[in-house]
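Coordinates in review
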Amino acid sequence: MTPKRAKTELGSAHVFLTGGTGFVGQAVLERLLGSHPDTTISLLVRTKGAASGEDRLRTLLRKPVFRAWREAVGEAGVDDAVARRIRIVEGGLGSVPALPADIDIVIHSASTVSFDPPIDQAFDTNVGGAIGLYEALRASGSTPHVVHVSTCYVGGLRKGVVPEARLGHRIDWRAEYAAAKSARERVELASRQPAQLRAFMDRARAEHGKEGPQSVARASEEARVAWVTEALVDAGRTRAESLGWTDVYTLTKAFAERAAEELWADAGGSLSVVRPAIIESAVAHPFPGWIDGFKVADPLILAYGRGLLPEFPGLPDSVLDLIPVDYVVNAILAAAANPPKGEPEYFHIASGASNPLPFHRMFENVNAYFTANPMPTPGDGHVRVPTWRFPGGSKVERALRRRRSQLDRRERWLTRLPSTARTRAQLAELSTKKSDLETLENFSELYRAYVQTEIIFDDANARALHAALPAKARRDRGFDVTEIDWEHYLQEVHFPAITTLTRAFSRRPEASATEGRPVKQLPERTDVVAVFDLEGTVVDTNLVEQYLWVRSAGFGWAAWPASVASILTKLPAYLRAERRDRGEFIRTFLRRYAGMPAAHLENIVGGGYADRVLGHTATAALERAAAHRAAGHRTVLVTGSIGTLTAPVASAFDEVIASEMHVKDGQLTGYLARPPIVDEARANWLRQYAERGGYDLSASYGYGDSHADLVWLELVGHPHAVNPDSRLAREAGRRRWRIDTWKSGSRAANRALMAGDPADAIPEEGAGGS
Ligand SMILES: NC(=O)c1ccc[n+]([C@@H]2O[C@H](COP(=O)([O-])OP(=O)(O)OC[C@H]3O[C@@H](n4cnc5c(N)ncnc54)[C@H](OP(=O)(O)O)[C@@H]3O)[C@@H](O)[C@H]2O)c1
């Protein structure tokens, strides 16, 4: 029972705080430092990367939540507090170290707050962490009052009023914890079954076969790891639902309460359980609108402002139970100052019972805010936010499924079309639409529990505790939710805070926005290499066409129809080989040169063939190579084909890396002297080339057109997808690489450029660079 007159002061208590680096924890720490100057605070902080607990504290104290306190005490005061009042207990919830024997108050705020983490992680942190903490406390000899921070949603899926009391379930939470802990081992084993591995490999081969065997293996293993995570997330979600909870977060928070009750309160410890609702920015302290990143409701609010949520599967009269963070902190510290005399006490720090904000009222507020303060679109326009009609959850979800299959169908169709600037723009637009749809799907899933339920959290205990505080404390450190003016809070405090925070008044750029971006000035360096792929990038041609040019230029027109016919009959086999492995295709196709006199091929290449090639060469490629040379970069042309065929454009580059064909008795045998330098072989060549030549790959440039080029393009700091095929275009869009469209220039212009006389290189209309 809360006393008639509650205390507010913590005096010289030694407070042990977990989660002090989190949203709620840092605000608790700030209040302890500023308003309870005689307390000593031990913080459980885990190391992160190279940062020790002490390093993390120093970084933490520079955050905005501490600004007013820092200004008030000055830098000397901060140093003094760190030296005298704050002790770092380095460790995580998975391995709570030995705790001091003189702790008076514990505030356990640390938790994983993600709704759907893998089942083992959620249980490890939330349940295992609570067990570890209470066992360590019992071992320490301390007899503190524990304030265990939980959540209102801990009672699971239900309707009506939820009391502030011990949860009624009789689930064997220890058995659930044991099952969750062993889930990873089971799923890992299942993921390694041959049938499952075959499925990963088949998918990886279809997607990455052209990049080479190592890429396939990497993609296959990535798919396995993703499958394991997905299965563990699903295991958590499904187990929670099957037990009557919304998600694994609320389920594990429920079991954490049980751990606190059984391991601490039932063993004679003093326990208060504080259950906040959805915590959002501060009304007043440390300053109006303070928030540490986006919290639960904010992505939804901002997605609406960006026009991404045409409709939403919420119940208009369900209550969106928001609570400002300063109310939560004040309630935690008020509870901390007033330990229960016997049984544990429970407090719902929520607004739904005493000052409800129905979802339709929240919607009206968001709509009014973004109508008055619209977000800009990438052009000069502004987002016009939609009006929700609340058609009901299942209708919205059916519409989402329909939209998903429409977009999937369109993507399949577009990736089969030849890659042009237009199809690439359409693919990029589609990818934006798909990611917007994903946002909507995720939100519908995540917020279902909060906006489709009809729960009211009784707050009688919290109100009684507040009423028992002295009048001054109620004004300065109160948590009376009836005082919240929702319109003022949302319009003047919370929405401005999160929209300022995001700088999101600039929508993320479209994936296609890289296409046609102005070319940056090249830095002058001699340790930079610029690698140009030949076929499809520098020269708009392929091996088949090159072969036909050789035949027509060197063997007279009589040979032409026969060559064409013979290629046509073999085309399906060539295409199959190309799909499997580009190296295999090159090897198979180059056999056609068997028996051709080597000297004759050289003559042809220097004559009519060169004319053809120059008429199909991108002027932008030659200009770009010249610009790299001028900046002191080493320019390298790379082809999987034979070096002889590159002769017409070779002089535009410092070096040509190509295969050579074996010659016997003056005739080409059709066999390559070494394997073609394509996909992974090209990546390996590039690594070695850079190492031997002392080139800095992170500052180097690559230009390629095919998905097979991905594996070496990703080695350089400045990758360029030039006239990319659909798959490279999709990857380049995803990775924000530059996408360029290069067109063939005129023979004259290209010849002038090759001769180093750009003034004569008058581009033809429509030709030229990016
Ligand atoms: N935010 C809300 O809307 C909301 C609503 C209701 C209830 N709550 C409850 O309020 C409490 C605080 O939430 P929050 O919003 O402040 O969360 P938060 O910002 O995500 O902070 C979580 C804190 O827990 C720590 N932590 C997580 N795993 C840990 C581990 N294995 N070992 C040690 N520390 C670990 C984090 O430390 P690192 O910095 O090292 O990661 C961080 O300090 C939680 O108990 C949560 O369930 C929150």
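Conventions and cut-offs
- Counting restarts for each chain: residues are numbered from 1 in the order of the written sequence.
- The model is predicted, so local features are restricted to residues of pLDDT at least 70 and side-chain atom pairs to those at 80 or more, both for listing and for counting; the totals for chains, interfaces and linings are taken over all residues.
- Values shown for side chains rest on all heavy atoms present in the structure; no hydrogens or waters enter the calculation.
- Any two strands with at least two DSSP-identified bridges between them are counted as paired.
- Numbering of helices and strands starts at the N terminus; helices are DSSP runs of H or I of at least 4 residues and strands are runs of E of at least 2.
- Here an axis means a line fitted to C-alpha atoms, over the contact stretch when the element is a helix, while the angle between two N-to-C directions is reported on a 0 to 180 degree scale.
- Only protein chains enter the accessibility calculation, which uses a 1.4 Å probe. A residue is then buried if its area is under 20% of the maximum for its type, exposed if over 50%, and partly exposed in between.
- Here a cavity is any set of points on a 1 Å grid over the protein atoms alone where a 1.4 Å probe fits but cannot get out, and a pocket is any open set with protein on both sides within 12 Å along at least 5 of 7 lines; a residue lines the site when it has an atom within 4 Å of a point.
- Grid points are joined across faces, edges and corners, and a volume is the space filled by probe spheres set on the points.
- For this classification, the nonpolar set comprises Ala, Val, Leu, Ile, Met, Phe, Trp, Tyr, Cys and Pro, the charged set comprises Asp, Glu, Lys and Arg, and every other residue, Gly included, is treated as polar.
- When an angle is under 35 degrees it counts as roughly parallel; over 145 it counts as roughly antiparallel; between 65 and 115 it counts as roughly perpendicular; any other value is oblique.
- When checking whether two residues touch, look at their non-hydrogen atoms; a contact exists if any pair is within 4.5 Å.

Attention shifts here to the sheet that holds strand β12 (residues 529-533). Backbone hydrogen bonds are what pair the strands of a sheet, in a parallel or an antiparallel way. Taken in spatial order, the six strands make up an open sheet running β14-β13-β12-β17-β18-β19, and their pairing is parallel. For this open sheet the edge positions go to β14 (655-659) and β19 (738-740), each flanked by a neighbour on one side alone. Pairwise comparison of adjacent strand axes, ignoring direction, gives a mean angle of 20 degrees for this sheet. Where strand β18 (residues 718-722) lies against β19, three bridges are found, and the strand directions are parallel. In the strand pairing of β19, Val722 is matched with Asp740.

Another point: the sheet that holds strand β4 (residues 105-108). Strand order in the open sheet made by the seven strands is β3-β2-β1-β4-β5-β7-β10, with parallel pairing throughout. Among the strands making up the open sheet, the edge pair consists of β3 (86-90) and β10 (345-349). Taking the axes of each pair of neighbouring strands and ignoring which way they run, one obtains an average angle of 20 degrees across the sheet.

A word on unusual backbone geometry. With glycine set apart, most residues show a phi of negative sign, and most peptide bonds adopt trans. Omega for the peptide link from His285 to Pro286 comes to 0 degrees, which places this bond in the cis form. Turning to its location among the elements, Pro286 is positioned in the loop between β8 (278-280) and α9 (298-305). At Arg736, a residue that is not glycine, the phi angle is positive and equals roughly 60 degrees. Among the structural elements, Arg736 can be located in the loop between α26 (726-734) and β19. The class of Arg736 is partly exposed, set by a relative accessible area of 37%.

So, about empty space enclosed by the protein. What the rule picks out here adds up to eight cavities of 30 Å³ or more. In this structure, the largest cavity occupies an estimated 100 Å³ of space. Taken together, Ala297, Leu300, Ile301, Tyr304, Leu320, Phe359, Met362, Phe363, Val366 and Trp388 make up the full set of residues lining the largest cavity. Looking at the lining of the largest cavity, the elements with two or more residues in it are α9 and α11 (359-372). Per-element accounting of the lining of the largest cavity gives the leading share, four residues, to α11. Classifying every residue of the lining of the largest cavity gives ten nonpolar, no polar and no charged.

Time to look at the packing of helix α21 (residues 608-615) against helix α27 (residues 747-754). It is the contact of α21 with α27, at a shortest axis distance of 8 Å, that shows an interaxial angle of 100 degrees. Taken as axis vectors, α21 and α27 run roughly perpendicular relative to one another. Contacts between α21 and α27 involve Asp611, Leu614 and Gly615 from the former and Arg747, Asn750, Arg751 and Met754 from the latter. When its residues are assigned to classes, the contact of α21 with α27 shows two nonpolar, two polar and three charged.

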